[in-house]
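Chain and residue survey
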Amino acid sequence: MDKPLAGIRVLAIEQFGAGPYGSMYLAELGAEVIKIENRATGGDPSRQSGAITLDADDSAYFQAFNLSKKSVTLNLKDSKGREIFEKLVETADVVWNNLRGSQPAKLGLDYDSLKQIKPTIICTHISAYGRDNDRADWPGYDYLMQAECGFLGLTGEPESPPSRFGLSMIDFMTGVVAALGCVSALLGRDRQGGRDVDVSLFDVALHQLTYPGTWYMNHGIETDRVARSAHPYNTPVQLFKTADGWIFLMCMTQKFWELLAELIGHPELKADPRFLLMSDRAANRAILTEVLDAILSTQTTAHWFDLLQTKIPVAPVNTLPGALDNPFVARNGMRQTLSHRTVGDYEALSNPIKLDNHRLSTSCANGLGADNEAILGEELSIEDLEALKTSGVI
C-alpha cells in the first residue's frame, strides 16, 4: 500500500499514553517514527508497565501504543548526544514530544531551538496544561483531566460517587488531535514554514464538553447524571435489564420508539399518553424504565439483539472479552496477527483508518535501541557506536 505519510521522518521523545498513541497513527499512516529513548533509564517506562511483560524491554502495554515504530537510544542531556540529535533533526520533518510543558524549551525541542538547524521542522508538543501559562510546570494525567473538566461529574449513576471512564479517553483523544495538528502543519509547511504545534490534555478534555458546555455557557443549563447511562433528554435512550444482563436501546426519534413497541410485542405502548411523545417519555422516564425492564427481562440479551438489530439502534452490553471475541470484529478486520521477535504470533488491534478500502499494515514495536545501527550508522561507524554505547551516550 502507498501510504500518505511515506517519506516523513518523525523524532519522538515520548512515553506512556497520549504521545505514543498519536505518533502510532503517524507511523501506521506511513511516517518513519523513531522513538528516541534513554537507555540509562530503561527507555519509555511503558516498556515495563502493565500486566504482561514480553521480554526484558517490552510489554503488552508498550506494544499497544507503539506499533510500526523504530527505537534509537540517545541521551539528549549529553553534549555528544545532543550533537547526534541535531544531525537527526537535519533529516527529520517532525520533532514530537509529550513532556511536561516547561521541558521542551529546556531540552531544546521547540521551534526556536531547532529552526536554525531545520527551518521547516514541525515541533509538536503534547503536555498536560500547555507551555504558555501558569501551569506549564505541572505534571498531569488523563484521570486528573477527567476530574477537573467535569467528566467524572457527568459519569455514573446519580446516587453513586463520580466515575471515570473505563479507558484513558483524554489521552487517546489528545494524541489524535495532536496528530491532526501535526499533519496540518506539514500540509502548510511549503507556504508557511516550520512552527510549533501545541495540544494539551486539559484543553482537549474541556473541548470535549461540546453541547453540555455550550448549553451551560449560553443558557445556564447544568447537565446532571442520569440513571442507567441515559441521554439527558431523549427517551428511551439507556440501559435496560434482560434475562441475563443488559442491553442499550437508542430510540432517538419518534419512529424508532414506535417501531420498538411493535417489535417487542407491545404496540399499545405507542398510544399510552404517558409515552406518546418524546417530551412525555422524558417526563415519565422512571415509569417507562420499569415497563420496558419487565418486558425485556423475559428474554436474553442475545434474543433482543437478534430481534432488534438493523431495525432500531441497539447494542448488547459486552464484557471486554465479549467485545473482542465478537465475530463482527474478526469479519471487519479489526484484529490482526503480527510477528513479535520474542513471543512469535502476536495479536493486535488494527488501525481504524482504511485507505482504498484496505486496513493499514503494521508491525510490532522494536526493542530498545534496535535501530541504532541502521539510523545512527548513517553518520557513525560501528566502532563509534560501540564507544558511544560504552560511554552511555546511546
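Described below are features of the structure shown in this document.

**Some details on the pairing of strand β13 (residues 344-349)**
Bridging between strand β12 (residues 335-340) and β13 involves 6 bridges; their strand directions are antiparallel. Bridging from a neighbouring strand, Q336 pairs with A348 of β13.

**Quick look at the state of the cysteines**
Such a bond, covalent and formed between the sulfur atoms of two cysteines, is termed a disulfide. In this structure the tally under the stated criterion is 0 disulfides. Residue C182 stays outside any disulfide, its sulfur separated by 9.8 Å from that of C123, the closest cysteine.

**Brief notes about the sheet that holds strand β7 (residues 122-127)**
The strand order across the open sheet built from 6 strands is β5-β2-β1-β6-β7-β8, with neighbouring strands paired in parallel fashion. The two strands at the open ends of the sheet, each matched to only one other strand, are β5 (70-73) and β8 (195-200). Neighbour-to-neighbour, the strand axes of the sheet open up by a mean angle of 20°, direction not taken into account. Bridge count for strand β6 (residues 94-97) against β7 is 4 bridges, and the pairing is parallel. Note on β7: the bridge partner recorded for N97 is H125. Helix-sheet contacts for helix α3 (residues 79-91) involve β1 (9-13), β2 (32-37) and β6, and the interaxial angle to β1 is about 145°.

**Considering a nonpolar patch on the surface**
Residues L320, L324 and L349 make up a contiguous nonpolar surface patch of roughly 290 Å² in combined accessible area. For L349, the location among the structural elements is in strand β13. Residue L349 is classed as exposed on the basis of its relative accessible area of 51%.

**A closer look at the packing of aromatic side chains**
If you walk through the whole model with that rule in mind, you get 11 aromatic pairs. Between the aromatic rings of F65 and F172, the centroid separation amounts to 6.0 Å while the plane-to-plane angle is 40°, which identifies the pairing as tilted. With a gap of 107 residues between them, F65 in helix α2 (residues 60-65) and F172 in helix α8 (residues 169-187) connect regions that are remote in the sequence. Owing to a relative accessible area of 8%, F65 belongs among the buried residues under this scheme. You can call F172 buried: its relative accessible area is 17%. Here the aromatic rings of Y129 and W138 are separated by 5.5 Å at their centres, their planes lie at 80°, and the arrangement is edge-to-face. With a relative accessible area of 9%, Y129 lands in the buried category. Judged by its relative accessible area of 41%, W138 is partly exposed. The ring centre of F202 lies 5.7 Å from the NZ or CZ of R135, which sits over that ring.

**Considerations on the side chain of E28**
Considering the arrangement of structural elements, one finds E28 in helix α1 (residues 18-28). Here E28 sits buried without a salt bridge, and the closest side chain of opposite charge, K3, lies 7.0 Å off (N-O distance). A polar atom in the side chain of E28 sits 2.7 Å from the side chain of T362. Apart from the residues lying within four places of it in its own chain, the contact partners of E28 are K3, L67, S68, N351, L360, S361 and T362.

**Some remarks on the pairing of β6**
Of the two faces of β6, the one holding V94 and W96 and the one holding V95 and N97 are both buried throughout. Bridging between β1 and β6 involves 4 bridges; their strand directions are parallel. Opposite I13, over in β6, you have N97 as the bridge partner.

**Here we look at the nonpolar core**
V10, L26, W96 and M145 are the most contacted members of the largest nonpolar core, which totals 33 residues. Counting residues per element, the ones that place at least two in this core are β1, α1, β6, β7, α8, β8 and α10 (201-207). Take this core: its biggest share by element is 6 residues, from α8. Counting 26 residues, the second-largest nonpolar core is a separate cluster that includes I84, L88, L380 and V393.

Each value, and the rule that gives it
Residues numbered from 1 in each chain as written. Predicted model: local features only at pLDDT ≥ 70, side-chain atom pairs only at ≥ 80, totals over all residues. Heavy atoms only, no water. Pairing = 2+ DSSP bridges. Helix = DSSP H or I, 4+ residues; strand = E, 2+ residues; numbered from the N terminus. Disulfide = S-S within 2.5 Å. Axes fitted to C-alpha atoms, helices over the stretch in contact; angles between N-to-C directions. Contact = heavy atoms within 4.5 Å. Patch = residues over 30% accessible without salt bridge, like charges linked within 9 Å, V, L, I, M, F, W, Y side chains within 5 Å. Areas by Shrake-Rupley, 256 points an atom, 1.4 Å probe, with all protein chains shown as cover. Salt bridge = Lys/Arg side-chain N within 4 Å of Asp/Glu carboxyl O. Buried < 20%, exposed > 50% of the residue type's maximum accessible area, 1.4 Å probe, protein only. Phe/Tyr/Trp six-rings, centres within 6.5 Å; stacked < 30°, edge-to-face > 60°. Lys NZ or Arg CZ within 6 Å of the ring centre and 35° of its normal. Lys, Arg positive; Asp, Glu negative; His and termini not counted. Polar contact = N/O pair within 3.5 Å; in protein donor to acceptor, adjacent residues only side chain to side chain. Core = buried A, V, L, I, M, F, W, Y, C linked by side-chain atoms within 4.5 Å.

Limitation: the analysis is restricted to geometry and does not speak to function.
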